[in-house]
Amino acid sequence: MTTMTKETTQVYSVFIRATPEQVWDGITKPEFTARYFYGSVIDSSYEPGTPYLGWAEDRSMQYVDGEVIEADPPRKLVTTWRAMYDPETAAEPHSRVTWEIEPAGEHVTKLTVIHDELEAAPKTAANVAGGWSFVLSGLKTLLETGEPLSG
Amino acid sequence: MDDDDRVFRALADPTRRHLLDRLFERDGRTLTELESELEMTRFGVMKHLRVLEDAGLVVTRRSGREKLHFLNPVPIRFIHDRWIDKYTERRVSALATLKHELEESA
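Note that the structure is predicted; figures quoted are calculated from it, not measured.

Trainee: Give me the overall build of chain B: which residues, what numbers.
Mentor: Counting its secondary structure elements, chain B contains five helices and two strands. Starting at the N terminus, the α and β elements of chain B follow one another as α-α-α-α-β-β-α. Radius of gyration (C-alpha) of chain B: 19 Å, far over the 13 Å computed for a compact globule of 106 residues. For chain B, the spread of C-alpha atoms along the three principal axes comes to 65 × 30 × 25 Å. Classification of the 106 residues of chain B by burial places 23% in the buried group. Residue pairs at least 24 apart in sequence account for 52% of intrachain contacts in chain B once pairs closer than 6 positions are excluded.

Laid out in structure tokens, this is it:
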């Protein structure tokens, strides 16, 4: 891993009673993301170099623009990130989001989100600061209490 | 002790709340940086950071030779959803209804 520029790095972490595979599905499958990610339908083939896009459910608006840097299911997903829902954040350069999924006991998984490369994106840094807690809280609730994941 | 117990216990100490506020101001700090802002031994600061880490309120990441401490606000979000929203919701929704009615009649 490259050296972190600490003051522009945000780290969020949560333990989820689910398997790493379920957590991976929760963050990559649009039918799940639509239910906790501010309604965003995430659209990606999860191949490095391909787009990573977030849309409103009816596709009337693009929320997130990015590209897959690394995808290692069910362990790690790295994408670039530009928030399109706000003209001020949409005007900033891409930052980077890393999802790390680690087993943490029987049927417990630790999910860590690192949002960095925010040096040139201060509006984005301020904008997402509360949002990731909401997203991870919603994902945990969905995976632990929502309908069972289809295999 | 469940997750909420650990968070409430971690928050029930002024030094630990102070550490969270320092990280909120500037995230990703080393023990040495945090220690320099407190009238406390290095060992004392380490003990408090350990309690915060056990509660999930602080996460550490290695960067080269440094161990950086980051504020993790997710457990506070859970406390908010479980223990704050529930008791404030009724009042907030009453205000929302009032606003709606006033705007409708305007």
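Trainee: Any chance you could break down helix 5 (residues 74-105) of chain B for me, citing the residues and the numbers?
Mentor: The end-to-end C-alpha distance of helix 5 of chain B, which contains 32 residues, comes to just 40 Å, noticeably less than the 46 Å that a straight helix rising 1.5 Å per residue would cover. Bending of helix 5 of chain B peaks at approximately 55 degrees at the position of Asp85 of chain B. Taken residue by residue, helix 5 of chain B has Val74, Pro75, Arg77 and Phe78 of chain B as its buried positions. The elements touched by buried residues of helix 5 of chain B are strand 1 (10-16) and helix 4 (122-145) of chain A together with helix 1 (3-11) of chain B.

Trainee: Give me the lowdown on helix 4 of chain A, citing residues and values where you can.
Mentor: Residues and elements named next belong to chain A. Between the first and last C-alpha of helix 4 there are 35 Å, a value that for 24 residues agrees with the 34 Å anticipated at 1.5 Å per step. A bend of about 40 degrees at Val128 is the largest found in helix 4. All of the buried residues in helix 4 are Thr124, Ala125, Val128, Trp132, Ser133, Val135, Leu136, Ser137, Leu139, Lys140 and Leu143.

Trainee: I'd like a description of the domain arrangement of chain B, backed by residues and values.
Mentor: All names here are of chain B. Splitting chain B by domain gives domain 1 (1-72) and domain 2 (73-106). One C-alpha centre belongs to domain 1, the other to domain 2; they are set 31 Å apart. In this complex, domain 1 contributes eight residues to the contact, which on the side of domain 2 involves four residues. Of all the elements, helix 1 adds the most residues to the side of domain 1 that touches domain 2, at three residues. Here the residues of the side of domain 1 that touches domain 2 are counted per class, giving four nonpolar, two polar and two charged.

Trainee: A description of the sheet that holds strand 7 (residues 109-116) of chain A should follow, citing residues and the corresponding values.
Mentor: Residue and element names in this part refer to chain A. One open sheet accounts for seven strands, arranged 1-7-6-5-4-3-2; its pairing is antiparallel. Each edge of the open sheet carries a strand with a single partner, namely strand 1 and strand 2 (41-44). The sheet shows a mean angle of 25 degrees between the axes of neighbouring strands, direction not considered. Seen against the sheet, helix 1 (residues 20-28) touches strand 1, strand 2, strand 5 (76-83), strand 6 (95-103) and strand 7 and runs at an angle of roughly 155 degrees to strand 6.

Trainee: Give a detailed account of the interface of chain B and chain A, specifying residues and quantitative values.
Mentor: Listed by partner, the interface residues are 16 residues for chain B and 14 residues for chain A. Among the elements of the structure, strand 1 (58-63), strand 2 (66-71) and helix 5 of chain B are those that each provide at least two residues to the side of chain B that touches chain A. Ranked by residue count, the leading element in the side of chain B that touches chain A is helix 5 of chain B, at four residues. Class assignment for the residues of the side of chain B that touches chain A results in six nonpolar, five polar and five charged.

About the criteria used
Residues numbered from 1 in each chain as written. Chains lettered and ligands numbered in written order. Predicted model: local features only at pLDDT ≥ 70, side-chain atom pairs only at ≥ 80, totals over all residues. Helix = DSSP H or I, 4+ residues; strand = E, 2+ residues; numbered from the N terminus. Rg over C-alpha atoms; globule rule 2.2 N^0.38 Å. Buried ≥ 20, exposed ≤ 12 C-beta atoms within 10 Å, placed from the backbone. Contact = placed C-beta atoms within 7 Å. Expected span 1.5 Å × (residues − 1). Bend = angle between axes of the 7 residues up to and from the residue. Domains from an automatic or database assignment. Nonpolar A, V, L, I, M, F, W, Y, C, P; charged D, E, K, R; others polar. Pairing = 2+ DSSP bridges. Axes fitted to C-alpha atoms, helices over the stretch in contact; angles between N-to-C directions.

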